[in-house]
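Read off the chains here:
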Amino acid sequence: MKKTVPDYPNLQQQRQQLLQELSGLEELRRGSLTEQFLMVKRKGGSRVKRGPYPLLTRKHGRKTVSLRLTDPALVPLYRQQIQALRQFETVVDRLVLVGEKLSDLAVAEVVQKKTPGGTGTSRRGASSRRRSGS
């Protein structure tokens, strides 16, 4: 199906670029990283603040699930995976917008083929309304 609208090739190119961007995103992780501090009671009764401990939190259904990361070397990897998911969501949003524009062009083409005048209004319907009111 060939489109005559000048925007169509540009939108197709944008779509292909977004799909290629998506294909490069492999390691995705939901959630966010925070720091957890704990108040610990010593033998003498005094309290001391311990931490920070890296904590991965995410929603699972209606609950928030947390996982303490015991290996600090993994924190940068988790951050990168979380950032990749955010980038994935942004690219998908842009892909949907481009898809909607392409859909609008397809609908406009069908409407234009059906109505030679391109307006999409029926003269017969308008005149019948005038007659019934007089």
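Computed from a predicted model, the values in this text were never measured in an experiment.

Conventions used here
- Residues numbered from 1 in each chain as written.
- Predicted model: local features only at pLDDT ≥ 70, side-chain atom pairs only at ≥ 80, totals over all residues.
- Heavy atoms only, no water.
- Phe/Tyr/Trp six-rings, centres within 6.5 Å; stacked < 30°, edge-to-face > 60°.
- Lys NZ or Arg CZ within 6 Å of the ring centre and 35° of its normal.
- Salt bridge = Lys/Arg side-chain N within 4 Å of Asp/Glu carboxyl O.
- Helix = DSSP H or I, 4+ residues; strand = E, 2+ residues; numbered from the N terminus.
- Buried < 20%, exposed > 50% of the residue type's maximum accessible area, 1.4 Å probe, protein only.
- Pairing = 2+ DSSP bridges.
- Axes fitted to C-alpha atoms, helices over the stretch in contact; angles between N-to-C directions.
- Contact = heavy atoms within 4.5 Å.
- Core = buried A, V, L, I, M, F, W, Y, C linked by side-chain atoms within 4.5 Å.
- Polar contact = N/O pair within 3.5 Å; in protein donor to acceptor, adjacent residues only side chain to side chain.

### Quick look at the packing of aromatic side chains
Part 1 of the reasoning: Summed over the entire model, instances satisfying the criterion amount to zero aromatic pairs.
Part 2 of the reasoning: The ring of Phe37 carries the charged tip of Lys49 above its face, separated from the ring centre by 4.6 Å.

### Brief notes about the pattern of salt bridges
Part 1 of the reasoning: Summed over the entire model, instances satisfying the criterion amount to two salt bridges.
Part 2 of the reasoning: The closest approach of N and O atoms between Arg94 and Glu21, which form a salt bridge, is 3.9 Å. With Arg94 in helix H2 (residues 75–114) and Glu21 in helix H1 (residues 7–23), the pair connects residues that are 73 residues apart, well separated along the chain.
Part 3 of the reasoning: Residue classification places Arg94 among the partly exposed positions, given a relative accessible area of 40%.
Part 4 of the reasoning: Owing to a relative accessible area of 30%, Glu21 belongs among the partly exposed residues under this scheme.
Part 5 of the reasoning: Notably, a salt bridge pairs Glu109 with Lys113, separated by 3.5 Å at the nearest N-O pair.

### Structural notes on the pairing of strand E3 (residues 63–68)
Part 1 of the reasoning: By the bridge criterion, six bridges tie strand E2 (residues 47–60) to E3 in an arrangement that is antiparallel. If you follow Thr57 over to E3, its bridge partner there is Ser66.
Part 2 of the reasoning: Counting the residues in the hairpin turn of E2 and E3 gives two residues, including Gly61, whose phi is positive at 70°.

### Concerning the sheet that holds E3
Part 1 of the reasoning: Strand order in the open sheet formed by three strands is E1-E2-E3, with antiparallel pairing between adjacent strands. The open sheet has two free edges, formed respectively by strand E1 (32–41) and E3, since each of these has just one partner strand. Taking the axes of each pair of neighbouring strands and ignoring which way they run, one obtains an average angle of 45° across the sheet.
Part 2 of the reasoning: Across the sheet, H2 is in contact with E1, E2 and E3; its angle to E1 comes to roughly 140°.

### Quick notes on the nonpolar core
Proteins that are soluble and globular tend to have nonpolar side chains buried together.
Part 1 of the reasoning: Counting residues in hydrophobic clusters, the biggest one holds eleven residues: Tyr8, Leu11, Leu18, Leu22, Leu25, Ala84, Val91, Leu95, Val98, Leu102 and Leu105.
Part 2 of the reasoning: Looking at this core, the elements with two or more residues in it are H1 and H2.
Part 3 of the reasoning: When residues in this core are grouped by element, the largest group, six residues, is from H2.
Part 4 of the reasoning: In contact with Leu11, other than residues within four places in its own chain, are Val98, Lys101, Leu102 and Leu105.
Part 5 of the reasoning: Counting six residues, the second-largest nonpolar core is a separate cluster that includes Leu56, Leu69, Tyr78 and Ile82.

### Considering the side chain of Gln81
Part 1 of the reasoning: In this fold, Gln81 is placed in helix H2.
Part 2 of the reasoning: A polar side-chain atom of Gln81 sits 3.0 Å from a polar atom in the side chain of Glu27.
Part 3 of the reasoning: Among residues more than four places away in sequence, those in contact with Gln81 are Glu27, Leu28 and Arg29.

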